[in-house]
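Listed here are the chains, written in short residue letters.
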Amino acid sequence: MGLLDVENISKSFGNTEVLKNISFSLEESNVLSIIGSSGSGKTTLLRCLNFLEKADNGIIKVAGETIFDANDPRYLKASAVRKNRLHFGLVFQSFNLFPQYTALENIMLAKELQMKKTPEYKADRRAVHNAIEAEAESLLKMMGLGDRMKNYPHQLSGGQCQRVAIARALALKPDILCFDEPTSALDPELTGEVLKVIRELAEQKRTMIIVTHEMAFARDVSNEVMFMDGGTVLEYGESRELFENPKQERTKQFLSRFRGE
């Protein structure tokens, strides 16, 4: 049993079966990269884990506790979804920052909304606000954006926006941090700065799931790699072993494109 255990997750859109009985386990402090061709179900899997889509079947457990069971209505209630999605943080391809808020405000917003109903907030709203602000400032400094706190998204580069998005996800202290192709919307020269941040998070032993087309990065930063094809997990294993000795012919074909073979 890992920190995250996923059992038989399936998802269809109309007559199209996008995920077919996906199961895997992820240990705490490990990094899992999910690779595969476009349309293989990678993003849909992340969206199901983050409760942005409701899986048609399957179970999700975090630290041994069931947080989703498609056949149990208790886990489908809005209150349960709001609570259980906090186990995950998601960094999107296209940043999804609020344009009307500064970098600092973008990071603080979700945490303040989360705290508003707590006894601490009701007792001393100013103290809670100051603590959230201090944490947001610390996260921006960690992202190398200490001098960009008051900037709005349109005043930031794509790489800077993505680093703000990473800080925003970290602010809620998720058990598992998820990235959905975090560099796909960036110019090549900006990709490196985002990958550097993710690599540093891996060195800090953050538990992460990364959907990526950056094969060399996936090989080097991950403990395990999952290769998805046609909505299934075709191959799953230790990172270097999967990249250097793939067992499935389809995996070999996919990886050969990135090796220039």
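For the structure, see preceding data.
What counts as what
Residues numbered from 1 in each chain as written. Predicted model: local features only at pLDDT ≥ 70, side-chain atom pairs only at ≥ 80, totals over all residues. Heavy atoms only, no water. Helix = DSSP H or I, 4+ residues; strand = E, 2+ residues; numbered from the N terminus. Buried < 20%, exposed > 50% of the residue type's maximum accessible area, 1.4 Å probe, protein only. Areas by Shrake-Rupley, 256 points an atom, 1.4 Å probe, with all protein chains shown as cover. Lys, Arg positive; Asp, Glu negative; His and termini not counted. Charge placed at Lys NZ, Arg CZ, Asp CG, Glu CD. Disulfide = S-S within 2.5 Å. Pairing = 2+ DSSP bridges. Axes fitted to C-alpha atoms, helices over the stretch in contact; angles between N-to-C directions. Salt bridge = Lys/Arg side-chain N within 4 Å of Asp/Glu carboxyl O. Patch = residues over 30% accessible without salt bridge, like charges linked within 9 Å, V, L, I, M, F, W, Y side chains within 5 Å. Core = buried A, V, L, I, M, F, W, Y, C linked by side-chain atoms within 4.5 Å. Contact = heavy atoms within 4.5 Å.

A. Representation of the overall build of the protein chain. Assigned secondary structure in the protein chain consists of ten helices and ten strands. With respect to the principal axes defined by its C-alpha atoms, the protein chain has extents near 60 × 45 × 35 Å. A buried classification covers 51% of the 261 residues belonging to the protein chain. Looking at the protein chain as shown, the accessible area adds up to about 12600 Å², and 47% of this sits on carbon and sulfur atoms. Here the protein chain contributes 34 positive and 36 negative side-chain charges, whose respective centroids are spaced 5 Å apart.

B. Quick look at the state of the cysteines. Per the counting criterion, the structure on display carries zero disulfides. In this structure Cys 48 is a free cysteine whose sulfur lies 12 Å from that of Cys 178, the closest cysteine sulfur available.

C. Here's a closer look at the sheet that holds strand β6 (residues 88–91). Taken together, the six strands give an open sheet; going across it, the order is β6-β7-β8-β3-β9-β10, and neighbouring strands pair in mixed fashion. Looking at strand neighbours, the two that pair on one side only are β6 and β10 (232–238), the edges of this open sheet. On average, each strand axis in the sheet is inclined to that of its neighbour by 15°, with strand direction left out of account. Here strand β3 (residues 31–35) pairs with strand β8 (residues 208–211) via four bridges, running parallel. Paired with Ser 33 across the bridge in β8 is Ile 210.

D. Examining the pattern of salt bridges more closely. Per the counting criterion, the structure on display carries 13 salt bridges. For Glu 135, the salt bridge goes to Lys 173, with nearest N and O atoms at 3.6 Å. A residue pair is termed long-range when its members are at least 10 positions apart, and Glu 135 in helix α5 (residues 125–142) and Lys 173 in the loop between α6 (158–171) and β7 (176–180) qualify at 38 residues. A relative accessible area of 31% places Glu 135 in the partly exposed class.

E. Highlighting a positive patch on the surface. On the surface, Arg 82, Arg 85, Lys 117 and Lys 122 cluster together into a positively charged patch. Looking at Arg 85, the relative accessible area reads 30%, which means it is partly exposed.

F. Examining the environment of Ser 94 more closely. Relative to the elements of secondary structure, Ser 94 occurs in the loop between β6 and α3 (103–115). The class of Ser 94 is partly exposed, set by a relative accessible area of 46%. Sequence separation between Ser 94 and Ala 185 is 91 residues, and the spatial gap between their C-alpha atoms is 6.1 Å.

G. Region of the structure containing the nonpolar core. Formed by 41 residues in total, the largest nonpolar core has its most connected members in Ile 166, Phe 179 and Met 208. Listing elements by their share of this core, those giving two or more residues are α3, α5, α6, β7, α7 (188–203), β8 and α8 (215–221). Per-element tally for this core: the top contributor is α6, with eight residues. Not counting the four nearest positions on each side in its chain, Phe 179 is found in contact with Leu 46, Val 91, Ile 166, Ile 198, Leu 201, Met 208, Ile 209, Ile 210 and Val 211. Residues Leu 32, Cys 48, Leu 49 and Ala 70 belong to the second largest nonpolar core, which totals 31 residues.

Purely geometric numbers; function is a separate question.
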